[in-house]
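Structural description and commentary
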Amino acid sequence: MSYLELRGITKIYGDGPTEVHALSNVDLSVEAGSLVAVMGASGSGKSTLLTIAGSLEDPTSGEVYVGGRPLSSMSRNGKAQLRRQSIGYVFQDYNLLAGLSAVENVSLPLELDGVSARKAQKSALEALEDFGLDERATHYPDQLSGGERQRVAIARAVVGGRQLLLADEPSGALDSTNAESVMRLILAACHRGLAAVVVTHDAQLASWADRVIFLRDGRIVDQTLPTESPEKFLAELPKS
Amino acid sequence: MSIRHALLALLSEGPKYGLQLRQEFEARTGEVWPLNVGQVYTTLQRLERDGLVESDDSADEGPQKGFHITEEGATELDEWLRTPPDFSSPPRDELVIKVLVALELPGVDVHELVQVHRRYLVELMQQWTRLKEDESRLDLNFALVVDAELFRLDSLIRWLDTVDGRLKRAAASVDAPAPQSFPLPKARRKVGNPQ
């Protein structure tokens, strides 16, 4: 079953002669346990799609379903609760709070959601441990490398059993080895049942996804077909 | 790819026989470039003829016949490693040619054509990335081969993205000056080994 579903999403900014169609009639389903990448040039509507999927912005028309529930039927507080409990966000520039240590950054969303500080810290430490960052837990963002900061940001996005991960160019500022580590973490989270959407212009990043959607001028113009098994692909490579 | 030099490299580690060379070659390239055994023996015969390897005279012809590298072979291998491949002139890339042809044809939606090729390349990249997913089978050589292929395909996709961007900009600039054509550089001195 789809955990995230966008049906007929249109987003128009401005009106009259300054009207801009950021998204036009976009349909998208993301199953639990799957990773979908959305590729497109700057200005194609990728980031708008992500903010609408994450309930940070309302569409002009169309409906977004998260976990089967239509966002249009939720109050402002209901959406805020959904965001805290079910949706994790990862951005290119990490968005960690500079005055908090790694473990405090990860535990913050749980505490904001009413989890006790002790329990939140325990869950945050476990998440950091999963990502190989337990020894960096008390370090502040400026004491971490770019790759480590993004791993902390992903830990923060998935902590507490969130079910939807939305990532905007999550490895844009990283070298290719660190970018690969970030995608491995996101993929591992999907294998544990999370639904994830990564928007990017980078094909290397997108190629980690189960399905790649191509966006142009606010419309979905194409998508990839399912891949073959690695064994079959290797066996069918042309012989030299 | 130079099978000749790959075999010399394997023999620089010590004497080996033909079947073993084939197995080691395939294992070290992550089985991405399979070789047929006939190719291995033909190459070994040529290397022997050129004095770059010597065979073990005592053994019979066949899979158990051993080979070792000569001093000339070791020098040849070292020179090959240090000679940059010839990247001096642009290759006749079929994808580039298809897009250039499409630009001249009336009624062809070049953006749509670019997307056909982009999707195919992304699907290929997904297949190569799948090979990296299972870290238990990802030894260093295999990872490097897969990375090289991913970077190659990625560079083609970036070029297609640039085609889209340039066409969009060209369509938007109504008063654009007539394009100036520049001759392609003539092929420069070859630096590569012509193997």
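Going by the structure above, here's the rest.
From a predicted model like this one, the values you see are computed outputs, not experimental measurements.

Reading the values: the criteria
- Residues numbered from 1 in each chain as written.
- Chains lettered and ligands numbered in written order.
- Predicted model: local features only at pLDDT ≥ 70, side-chain atom pairs only at ≥ 80, totals over all residues.
- Heavy atoms only, no water.
- Salt bridge = Lys/Arg side-chain N within 4 Å of Asp/Glu carboxyl O.
- Helix = DSSP H or I, 4+ residues; strand = E, 2+ residues; numbered from the N terminus.
- Buried < 20%, exposed > 50% of the residue type's maximum accessible area, 1.4 Å probe, protein only.
- Pairing = 2+ DSSP bridges.
- Contact = heavy atoms within 4.5 Å.
- Buried area = accessible area lost by both parts, 1.4 Å probe.
- Polar contact = N/O pair within 3.5 Å; in protein donor to acceptor, adjacent residues only side chain to side chain.
- Nonpolar A, V, L, I, M, F, W, Y, C, P; charged D, E, K, R; others polar.

Let's talk about the pattern of salt bridges
Residues and elements named next belong to chain A. Summed over the entire model, instances satisfying the criterion amount to 29 salt bridges over all chains. In this structure, the salt-bridge partner of Lys 11 is Glu 57, at a minimum N-O distance of 4.0 Å. With Lys 11 in strand β1 (residues 2-13) and Glu 57 in the loop between α1 (46-53) and β4 (61-66), this residue pair connects regions lying 46 residues apart in the sequence. Look at Lys 11 and you get buried, because its relative accessible area is 11%.

Details of the pairing of strand β3 (residues 66-69) of chain B
All names here are of chain B. Here strand β1 (residues 16-17) runs beside β3; their pairing, made up of two bridges, is antiparallel. If you follow Tyr 17 over to β3, its bridge partner there is Gly 66. Strand direction decides the pairing type here: strand β2 (residues 53-55) and β3, joined by three bridges, are antiparallel. Pairing of Val 53 across the sheet is with Ile 69, part of β3.

Describing the interface of chain B and chain A
With 32 residues of chain B at the contact, the number on the chain A side is 34 residues. Regarding the contact of chain B and chain A, the summed buried area is about 2900 Å², with carbon and sulfur atoms giving 54% of it. Among the residues chain B hides against chain A, the three largest losses belong to Gln126(B), Gln127(B) and Arg130(B). Together they make up 21% of the total. The tally of links from chain B across to chain A stands at four salt bridges. Where chain B touches chain A, the interface holds 14 residue pairs in polar contact (both at pLDDT 80 or more). Only α6 (110-133) and α7 (140-172) of chain B provide two or more residues apiece to the side of chain B that touches chain A. Ranked by the residues each element gives to the side of chain B that touches chain A, the list is headed by α6(B), at 16 residues. Residues that form the side of chain B that touches chain A fall into these classes: twelve nonpolar, seven polar and 13 charged.

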